[in-house]
Amino acid sequence: MTDSIILQVDHIVKQFLNHTTAAIDQVSFKLKQGEILGLLGPSGCGKTTLLRVIAGFEQPSVGTIELAGNIIASPYESIPPEYRNTGMVFQDYALFPHLNIASNIAFGLKKKNLSRNKVKQRVGESLALVGLEGLEKRYPHQLSGGQQQRIALARALAPKPALILLDEPLSNLDVQVRLQLRHEIRHVLKGTGITAIFVTHDQEEALAISDKIGVMSYGKIEQFGTPEEVYTHPSSRFVAEFVTQANFIPAKRKGRLWTTEIGQWEAPSTFENIPEGDLMVRQEDITLQPDDTGEIVICDRQFLGREYCYCLKTPSGCQINARTTLQTQLPIGTRVQLIIVPQSPQVFPAVPFKMHKRKEFSLLSI
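Please read all numbers here as calculations on a predicted model, not as lab measurements.

Rules of the game
Residues numbered from 1 in each chain as written. Predicted model: local features only at pLDDT ≥ 70, side-chain atom pairs only at ≥ 80, totals over all residues. Heavy atoms only, no water. Core = buried A, V, L, I, M, F, W, Y, C linked by side-chain atoms within 4.5 Å. Buried < 20%, exposed > 50% of the residue type's maximum accessible area, 1.4 Å probe, protein only. Contact = heavy atoms within 4.5 Å. Salt bridge = Lys/Arg side-chain N within 4 Å of Asp/Glu carboxyl O. Helix = DSSP H or I, 4+ residues; strand = E, 2+ residues; numbered from the N terminus. Expected span 1.5 Å × (residues − 1).

Draft legend 1. Broad picture of the nonpolar core. The biggest cluster of nonpolar side chains holds 34 residues, and the ones touching the most others in it are Ile 105, Ile 151, Leu 153, Ile 164, Leu 166 and Ile 185. Among all residues touching Ile 105, those that are not within four sequence positions of it are Val 123, Ser 126, Leu 127, Ile 151, Ala 154, Arg 155 and Ala 158. Formed by 27 residues, the second largest nonpolar core is a distinct cluster that contains Val 27, Leu 31, Leu 51 and Val 53.

Draft legend 2. Fine view of the pattern of salt bridges. For the coordinates displayed, the defined rule picks out 14 salt bridges. With its nearest N and O atoms 3.3 Å apart, the salt bridge here joins Lys 212 to Glu 35. Of this pair, Lys 212 sits in strand 9 (residues 212-217) while Glu 35 sits in the loop between strand 2 (24-32) and strand 3 (36-40); the two residues are 177 residues apart in sequence, bridging distant segments of the chain. Put simply, Glu 205 and Arg 178 hold a salt bridge, and the shortest N to O gap is 2.8 Å. Highlighted residues: Glu 205 in helix 6 (residues 203-209) and Arg 178 in helix 5 (residues 175-192), separated in sequence by 27 residues. Look at the salt bridges and you will find they share partners, linking Lys 14, Arg 52 and Glu 58 into a network.

Draft legend 3. Representation of helix 4 (residues 145-157) in the model. Taking 1.5 Å per residue as the helical rise, helix 4 with its 13 residues ought to reach 18 Å, and the 18 Å between its terminal C-alpha atoms agrees with that figure. Counting buried residues along helix 4, 11 of its 13 residues qualify, which places the element largely inside the surrounding structure. By the burial criterion, the buried members of helix 4 are Gly 146, Gln 148, Gln 149, Arg 150, Ile 151, Ala 152, Leu 153, Ala 154, Arg 155, Ala 156 and Leu 157. Those residues of helix 4 that are buried lie in contact with strand 6 (86-89), helix 2 (101-107), helix 3 (116-129), strand 7 (163-167) and helix 5.

Structure below.
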């Protein structure tokens, strides 16, 4: 990977007619050659619209997009998708059912003015990249879903674009195939050195594939950074809830300490003037220690294969979750003390929806 900037998105706004709010609202970021960006967020947050603007299927209302030193989109001019030197991989594969695999891959090479031998060579190279050599003469209906998506990726790679855009390419696949293919997609993209943007609503998928993550909400990028930065230091309550598996526990400030019903901690916070807030504690940062005098009780336990997920009830009747290794095997009804990794808690301002009849700490795992 070089340090050269290959894609620059500058203050992009997309406002659709008859809509009062912008689908994309002042989005800016840069990508270096060979970087993979994961656009992560819930349905309707604008991530696919942003991808379509970069691809050329939508024109921005404000802002510019520059690819490999050339402006490809602005409110005044927009280069058509087929001339942008980008490749696209769709959620539903979008292969031509009447064409065999070789012809599907060669379709994207038509505007390259390549000789027949060169096209055949590119098709073979692309199939080798995705591990499907020898399938040139088969048709899409003769392949599994995972194989079809590999062919879609091979078709996008064949013209050797400057940028590849992937719109939730794994969402139609079974869980095991998704796990395998996300590793293969990253391996192929890093091997070719092509810059890519990967849209997903699956936080684990984004963390596994991406070099950078942009977490989107209501058309804006809430946080942009490496997977480690976004996961360990979320910049907002929304990012913390969406990306991490965390508990949010009501807390009050007493000097330098934040006090909750399960203990008190000195937690770093950017909200130094607030007297109370919600202490964020990730499930995996909690260790359970059996204690007959403890006030916290295990009310449920789920076996997840590589770990256990414990549901714990506090003295006030609220619930928090903890994830442990298989070495921790405690029966339901056990009284415990909680040990929380030092420096792991973060504090965010309390939100109105916490005042709810059902006593349960906010826990969002997506």
